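Now for the letters of each chain:
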Amino acid sequence: MKKTVSILFLVFLFVACQQKVKPEDISKINGYWEVEKVVFDSIKDKEYGMNEVYDYFEIKNNKGIRKKVMPQLDGTFLVNDTYENVTVRFADDKVFLDYSTPYMKWSEELIAVSAEELVLLNKEKMEYHYKKATSINLLGDGKTTK
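Residues numbered from 1 in each chain as written. Predicted model: local features only at pLDDT ≥ 70, side-chain atom pairs only at ≥ 80, totals over all residues. Heavy atoms only, no water.

## With respect to the packing of aromatic side chains
Centre-to-centre distance and the angle between the planes together describe a pair of aromatic rings.
Here is step 1: The final tally for this structure, using the stated rule, is 4 aromatic pairs.
Here is step 2: An angle of 40° between the planes, with centres 4.7 Å apart, marks the rings of Tyr-32 and Tyr-56 as tilted. Here Tyr-32, found in strand S1 (residues 31-39), pairs with Tyr-56, found in strand S3 (residues 54-60); they are 24 residues apart in sequence, far enough to count as distant.
Here is step 3: Accessibility expressed as a relative area gives 23% for Tyr-32, which makes it partly exposed.
Here is step 4: Overall, Tyr-56 belongs to the buried group, its relative accessible area being 19%. (Phe/Tyr/Trp six-rings, centres within 6.5 Å; stacked < 30°, edge-to-face > 60°. Helix = DSSP H or I, 4+ residues; strand = E, 2+ residues; numbered from the N terminus. Buried < 20%, exposed > 50% of the residue type's maximum accessible area, 1.4 Å probe, protein only.)

## Notes on a nonpolar patch on the surface
Here is step 1: There is a patch of nonpolar side chains on the surface, built from Val-53, Met-70 and Leu-78 and spanning about 240 Å² of accessible area.
Here is step 2: Locating Leu-78 in the fold gives a position in strand S5 (residues 77-78).
Here is step 3: The exposure class assigned to Leu-78 is partly exposed, which follows from its relative accessible area of 48%. (Patch = residues over 30% accessible without salt bridge, like charges linked within 9 Å, V, L, I, M, F, W, Y side chains within 5 Å. Areas by Shrake-Rupley, 256 points an atom, 1.4 Å probe, with all protein chains shown as cover. Salt bridge = Lys/Arg side-chain N within 4 Å of Asp/Glu carboxyl O.)

What follows is the structure, encoded as structure tokens:
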């Protein structure tokens, strides 16, 4: 009986301590994000050392875009005209990012967001853990990135 009560207490504590995403947290999504790891439901997590592509989010008033960008050695980012429209949706104490392109629509649940971390869950139950990306500048020319 004591084990059951202990387990229920730990579960309650875990659920109570989870971060709730608030509307004012959405602005923290803006910027460049690098996938740090992907947590799969049934297989070993995949860690990422360095990525060739970052995700760039720009959201204002719960609408915006997500683009794939490629960091360059001089600290800039290579971009193209391809992007996904993003709409932030609040439903049942959860927050979703709804994406759309001319060809497809899908959603991801926003699990956590802070100035340094972003966690998204897709419908395949894969958790994408992002870290805030910093520019790469191996040339040491002192120029700032745009």
